[in-house]
Amino acid sequence: MSPVYSTTFAVLEMKSEPFAAAPMLSARVGIASLGADPVHAIALRAQVRIEPYRRSYTEAESAGLVDLFGPRERWKDTQRSFLWMHCATMIQGFSGGTEVDLPMPVTYDFEVTGSKYLHALRGGTVPLIFLFSGTVFSRGENGFSIQQIPWDREDKFDMPISVWDGLVASHFPNSGWVRLRRDTLDALAAYKSGHGMLGFDDAVTRLLAFVAEETP
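### Some thoughts on the overall build of the chain
Part 1 of the reasoning: Helix and strand counts for the chain come out as seven helices and eight strands.
Part 2 of the reasoning: By the compact-globule yardstick of 17 Å for 216 residues, the chain is too spread out, its C-alpha radius of gyration being 22 Å.
Part 3 of the reasoning: Here the C-alpha coordinates of the chain stretch approximately 80 × 40 × 25 Å along the principal axes.
Part 4 of the reasoning: Within the chain, counting contacts between residues at least 6 apart in sequence, those at least 24 apart form 72% of the total.
Part 5 of the reasoning: Split by element, the accessible area of the chain, about 12500 Å² in all, is 55% carbon and sulfur.
Part 6 of the reasoning: Averaging the positions of the 20 positive and the 25 negative side-chain charges in the chain gives two centres separated by 3 Å.

### Some points on the nonpolar core
Buried together is how nonpolar side chains tend to be arranged in soluble globular proteins.
Part 1 of the reasoning: M14, W84, M104, Y117, F130, M159 and W164 are the most contacted members of the largest nonpolar core, which has 46 residues in total.
Part 2 of the reasoning: Once residues lying within four places of it in the same chain are set aside, the contact partners of M14 are L25, S26, A27, M104, L128, F130, F157, M159 and V163.

### Brief notes about the environment of S133
Part 1 of the reasoning: One can find S133 in strand β6 (residues 125-140).
Part 2 of the reasoning: Sequence separation of S133 and W164 is 31 residues, and the distance between their C-alpha atoms is 25 Å.
Part 3 of the reasoning: What S133 contacts, discounting residues up to four positions off in sequence, is A43, L44, R45, I149 and W151.

### Focus on helix α5 (residues 161-171)
In an α-helix, one turn spans 3.6 residues; hence positions three or four apart end up facing the same way.
Part 1 of the reasoning: Considered for burial, the residues of α5 that qualify are I161, V163, W164, L167 and V168. Here the buried residues of α5 occupy an arc of 160 degrees about the axis, which is enough to place them on one side.

### Points about the environment of D67
Part 1 of the reasoning: Within the secondary structure, D67 is located in helix α2 (residues 66-69).
Part 2 of the reasoning: Note on D67: relative accessible area 66%, which makes it exposed.
Part 3 of the reasoning: In this structure the C-alpha to C-alpha distance between D67 and V112, which are 45 residues apart in sequence, comes to 12 Å.

### Points about the packing of aromatic side chains
Part 1 of the reasoning: A full pass over the atoms with the stated rule returns 10 aromatic pairs.
Part 2 of the reasoning: Note on F9 and F132: the rings are 5.1 Å apart at their centroids and 25 degrees apart in plane angle, and the pair reads as stacked. Pair noted here: F9 is in strand β1 (residues 7-16) and F132 is in strand β6, with a separation of 123 residues, a long-range link. Pair check on accessibility: F9 and F132 agree, each one buried.
Part 3 of the reasoning: Chaining the aromatic ring pairs together yields one cluster made of Y57, F69, W75, F82 and Y117.
Part 4 of the reasoning: Seen from the ring of F200, K192 lies directly overhead, with NZ or CZ sitting 5.2 Å from the centre.

Reading the values: rules and limits
Residues numbered from 1 in each chain as written. Predicted model: local features only at pLDDT ≥ 70, side-chain atom pairs only at ≥ 80, totals over all residues. Heavy atoms only, no water. Helix = DSSP H or I, 4+ residues; strand = E, 2+ residues; numbered from the N terminus. Rg over C-alpha atoms; globule rule 2.2 N^0.38 Å. Contact = heavy atoms within 4.5 Å. Areas by Shrake-Rupley, 256 points an atom, 1.4 Å probe, with all protein chains shown as cover. Lys, Arg positive; Asp, Glu negative; His and termini not counted. Charge placed at Lys NZ, Arg CZ, Asp CG, Glu CD. Core = buried A, V, L, I, M, F, W, Y, C linked by side-chain atoms within 4.5 Å. Buried < 20%, exposed > 50% of the residue type's maximum accessible area, 1.4 Å probe, protein only. Arc of directions from axis to C-beta. Phe/Tyr/Trp six-rings, centres within 6.5 Å; stacked < 30°, edge-to-face > 60°. Lys NZ or Arg CZ within 6 Å of the ring centre and 35° of its normal.

Shown next, in the form of structure tokens:
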């Protein structure tokens with residue numbers, strides 16, 4: 001029977017899935033199992049976290065991160081690893097090693113910390129850590145066995161921000177997504193209609209122009 005502690009995971013590559021119906025990334029994961037028995041299947045789960053302290057930031061980027069971490073002089077205390085997503089997949093049987101694609105459904109909702117962080121970046125990479133867990137099903141001379149993946153199975157990967165930018169551009173070309181309360185949306189719709197505007201973007205742009213004129 002193959003001991004689970006001999007199964008390891010490594011993120012090899014990340015890419016966007018441009019033809020998916022909803023925004024989707026994909027992580028290519030290499031898996032090695034050093035035991036004698038073949039792996040029948042793996043129910044793989046991953047917690048993907050962002051580690052913002054593992055990269056530097058320009059002044060323009062730091063301005064977009066104030067909501068998350070406060071002013072730059074506080075970042076030593078405020079920049080902590082935070083959850084981006086949970087993802088999972090089923091892996092077919094193999095012996096020795098294999099490579100699989102781990103689907104990573106994402107959102108561009110600016111209420112989500114990960115989306116707000118990624119939107120602020122202008123270049124470089126996104127420092128990620130994958131925390132793997134799940135169940136390994138193996139088959140040997142004594143039949144099937146089921147074991148849990150240890151909690152220490154993890155791998156760090158720096159995703160080029162261009163991967164995220166390309167995904168956003170394909171699903172939200174020159175646009176974004178902001179969630180509003182129902183009463184706020186109703187008021188904005190009434191303002192738009194009352195001023196004969198064609199879209200909400202025109203209404204928000206005019207309101208921002210009013211604010212800019214009144215601000216010294």
